Amino acid sequence: MHRTRFFDHLILALGAAFLMVPVLIAFMTSTHTAADVHMSGLSLMPGGHGMETYHKVLTQRGGFTGEVTGARMLMNSTILGFGFALGKIVLSMMAAYALVYFRFRFATAIFWMIFTTLLLPLEVRIMPSYQVMSDLHLLNTYTGLIVPLLASATGTFYFRQFFKSVPDELLEAARIDGAGPLRFFIDILVPLSRTMMAAIFIIMFVYGWNQYLWPMLMTTEERFFTLMRGIKSILQVWIGSQIPDYNEAFALAVLAMVPPVAVVVVFQRMFIKGLTESDK
Amino acid sequence: MTDTPLPNSPTRLRRWLDGLHSAPAKRVQFDRPLTPWAFVLPQLLVVVVFFYWPSVQAVTSSFYIEDPFGFGATFVGLENYQSVLASGEYRSIAGFTLFFAVLVTALALGAGLLLAVKADAVIRGSAQYKTALISVYAIAPPVAGLIGMMFFDMHIGPFVTVASWFGWQMQVGINYWDTVLALVLVSVWKQIPYNFIFFLSGLQSVPVSVREAAAIDCRSGWRRFYTVTLPLLAPTAFFLLIINVTYALFDTFGIIDVMVKDKPANNPITLVYKVYLDGFKGNDIGGSAAQSVILMGVVFALTILQFRFLEKRIHYG
């Protein structure tokens, strides 16, 4: 029995190391100077130059126009993550409410129209999406960055399931008390959905923050760059330089991964629940 | 980050399918003609403008050849499709995409399952292992690609150093198969946590009574896993299979883009990357659209496959 346990732990430790060590190394290496990294390679030990590297990455104006700093990219990623998560929750809760709680013409048709979007990921229709955005003059705007990503029904689907599980008696009682549709939605349904909203918020925040292809196409002006976009440009500068700024690249990577990883780790239970279960 | 195009768990999908058949959602509903429109309109608008409009455009422009200077387009019927499918380059990329998807899926599923089974078995430290194994989930593909690139960097990459001890001059980004190795490793690394989460929650939903009965009937742990646990995990595994294939096909875009550094010439790329290259770099809008439509077909087939299996209800629990 003891032997088995030992091997169980060994495998788990190896697996955890395989996943975590690269992240640790990325962080540790970012605290060394570029010359250090160039000389002695990646490092698992802290290097003592962390403050200056991060200060530089956050405040130094980079790129061609000198308009973008790491702090700016951090802000843009935050706007994208929050904007996307909030937008998703608002749009999908409202749509799900209409579909579950109302009897109206074309409800079935609308239901199908919304749910068909689950079938095609953005990557497949990226080129025409770009053209639509340019026709609408939405390139290089926060609207263009966020709103098109909302065109998928995942959130609507979750909320629809959840609303269907809410007991009918609540609506009956509310109607007897004279509550209209808006009142019922705001005073009863929204407070009831709090846990659901939090779980979806976490998943969607991570998803929005981590977007890469869409921001890359939508933003040509550097002041709209997100951290993901910044990673691409730091690599482009790289080619041809004598000693690449390994430390700064790693620092940028660390900035890009800390917020979503922290959110997932801190809200682990809620996140897993939102991801794997349909509560009720 | 995998905001999957499909309902993302077996239970959910099954319930979703059930939901499609049951007509009225509620016994009591509001009966107002206009209010529901106010609620559904924002979502509807976004879906029409940013989903249906571009999707229709993808299909239409796949039948046209666009003038590179923007002077209109000529209707060419199926010519774009013919030239795409006849192209040797497209076929070899399709071959690579298939190979890549199979390899990434098999390795990521295998590792995720192994770790989930072990995490389910241990008692001490299981919370710590779980946190460690899950955290990488939230790392974006391009960030994973960047970290991977460093590990395979020709000057500072530890993998390159280790390979050189065996006389292997690893050149990721230049040598085709070296790049394949790096891409697969990074893609698998990034996907293990997702599979781990689902396998673990699948394992933990096996009732204690079943586990105890199995433990009494069968002493060999390996056999117990094979005859009891694995069949119980079948729906989760099948669900994950589709998700992993989708991941390998689409979500690895960021990893590939960072790791091949805009030099796709001799490097392995996937079909999605090719759509992007032809459309944005090559300005071949018709060809890119035709490829998009072909990929839509692939996604559609995967979805149908998933529905089919779930309708047959391959679950024993």
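Just so we're clear, the structure is a prediction, and the values are computed from it rather than from any experiment.

**Some details on the overall build of chain A**
Item 1. What chain A contains, in helices and strands, is 15 helices and zero strands.
Item 2. Looking at the 280 residues of chain A, the share that counts as buried comes to 50%.
Item 3. For chain A, the proportion of contacts with a sequence separation of at least 24, taken over those separated by at least 6, is 71%.

**Section: the interface of chain B and chain A**
Item 1. Contacts between the two partners involve 88 residues from chain B, matched on the other side by 85 residues from chain A.
Item 2. Broken down by element, the side of chain B that touches chain A gets its largest block of residues, 17 residues, from helix H2 (residues 35-61) of chain B.
Item 3. Partitioned by chemical class, the residues of the side of chain B that touches chain A number 61 nonpolar, 18 polar and nine charged.

**A word on the nonpolar core**
Item 1. Counting 171 residues, the largest nonpolar core has Tyr97(A), Ile231(A), Leu252(A), Ala253(A), Ala256(A) and Val143(B) as its most contacted members.
Item 2. Here this core gets 16 residues from one element, more than from any other, and that element is helix H4 (residues 70-101) of chain A.

**Focus: the packing of helix H8 (residues 176-204) of chain B against helix H11 (residues 253-260) of chain B**
All names here are of chain B.
Item 1. Close contact between H8 and H11 brings their axes to 10 Å; oriented N to C, the two are set at 140°. Classified by chirality, the crossing of H11 by H8 is right-handed. In this structure, H8 uses Thr179, Ala182, Leu183, Val186 and Ser187 to contact H11, whose residues at the interface are Ile255, Ile256, Met259 and Val260.
Item 2. Class assignment for the residues of the contact of H8 with H11 results in seven nonpolar, two polar and no charged.

**What about the environment of Phe309(B)?**
Item 1. As for its position among the elements, Phe309(B) is in helix H13 (residues 285-312).
Item 2. A C-alpha to C-alpha distance of 8.4 Å links Phe309(B) and Phe238(B), two positions 71 residues apart in sequence.

**Some details on the confidence of the model for chain A**
Item 1. Summary statistics for chain A give a mean pLDDT of 86 and a share of 93% for residues scoring 70 or more.
Item 2. Across chain A, H4(A) holds the top mean pLDDT of 94, while helix H13 (residues 227-238) of chain A sits lowest at 80.

**A few points about the confidence of the model for chain B**
Close inspection of predicted coordinates is inappropriate in any region flagged by low pLDDT.
All names here are of chain B.
Item 1. Considering every residue of chain B, the mean pLDDT works out to 84; 88% of them sit at 70 or more.
Item 2. Segment residues 1-7 is flagged for pLDDT under 50; beyond a separation of four residues in sequence, or across chains, it makes 25 contacts in the model.
Item 3. Predicted complex metrics record ipTM = 0.89 and pTM = 0.87.

**Some details on unusual backbone geometry**
Residue and element names in this part refer to chain A.
Item 1. The backbone of Phe106 shows a phi angle near 65°, a positive value even though the residue is not glycine.
Item 2. Structurally, the position occupied by Phe106 is in the loop between H4 and helix H5 (107-115).
Item 3. Positive phi, normally seen in glycine, also occurs at Asn140, with a value near 55°.
Item 4. With respect to the secondary-structure elements, Asn140 resides in the loop between helix H6 (126-135) and helix H7 (142-146).

**Details of helix H12 (residues 271-281) of chain B**
All names here are of chain B.
Item 1. With eight of 11 residues buried, H12 lies mostly within the body of the structure.
Item 2. Taken residue by residue, H12 has Leu271, Val272, Tyr273, Lys274, Val275, Tyr276, Asp278 and Gly279 as its buried positions.
Item 3. Looking one or two residues past H12, Asn283 carries a phi angle of roughly 55°, positive in sign.

**Describing the packing of helix H11 (residues 194-209) of chain A against helix H15 (residues 268-276) of chain A**
All names here are of chain A.
Item 1. Relative to each other, H11 and H15 sit at 90°, their axes nearing to 8 Å. Overall, the two elements H11 and H15 adopt an arrangement that is roughly perpendicular. Along its contact with H11, which presents Ala198, Ala199, Ile200, Ile202 and Ile203, the element H15 presents Met270, Phe271, Lys273, Gly274 and Leu275.
Item 2. In the contact of H11 with H15, the residues fall into eight nonpolar, one polar and one charged.

**A few points about the environment of Pro181(A)**
Item 1. Locating Pro181(A) in the fold gives a position in helix H10 (residues 181-192).
Item 2. As a C-alpha pair, Pro181(A) and Tyr101(A) span 80 residues in sequence and 8.7 Å in three-dimensional space.
Item 3. If we skip the residues at most four places from it in the chain, Pro181(A) touches Phe30(B), Arg32(B) and Thr35(B).

Parameters and conventions
Residues numbered from 1 in each chain as written. Chains lettered and ligands numbered in written order. Predicted model: local features only at pLDDT ≥ 70, side-chain atom pairs only at ≥ 80, totals over all residues. Helix = DSSP H or I, 4+ residues; strand = E, 2+ residues; numbered from the N terminus. Buried ≥ 20, exposed ≤ 12 C-beta atoms within 10 Å, placed from the backbone. Contact = placed C-beta atoms within 7 Å. Nonpolar A, V, L, I, M, F, W, Y, C, P; charged D, E, K, R; others polar. Core = buried A, V, L, I, M, F, W, Y, C linked by C-beta atoms within 7 Å. Axes fitted to C-alpha atoms, helices over the stretch in contact; angles between N-to-C directions. Left-handed = near helix turned anticlockwise from the far one by under 90°. pLDDT = per-residue confidence, 0-100. Parallel < 35°, antiparallel > 145°, perpendicular 65-115°, else oblique.

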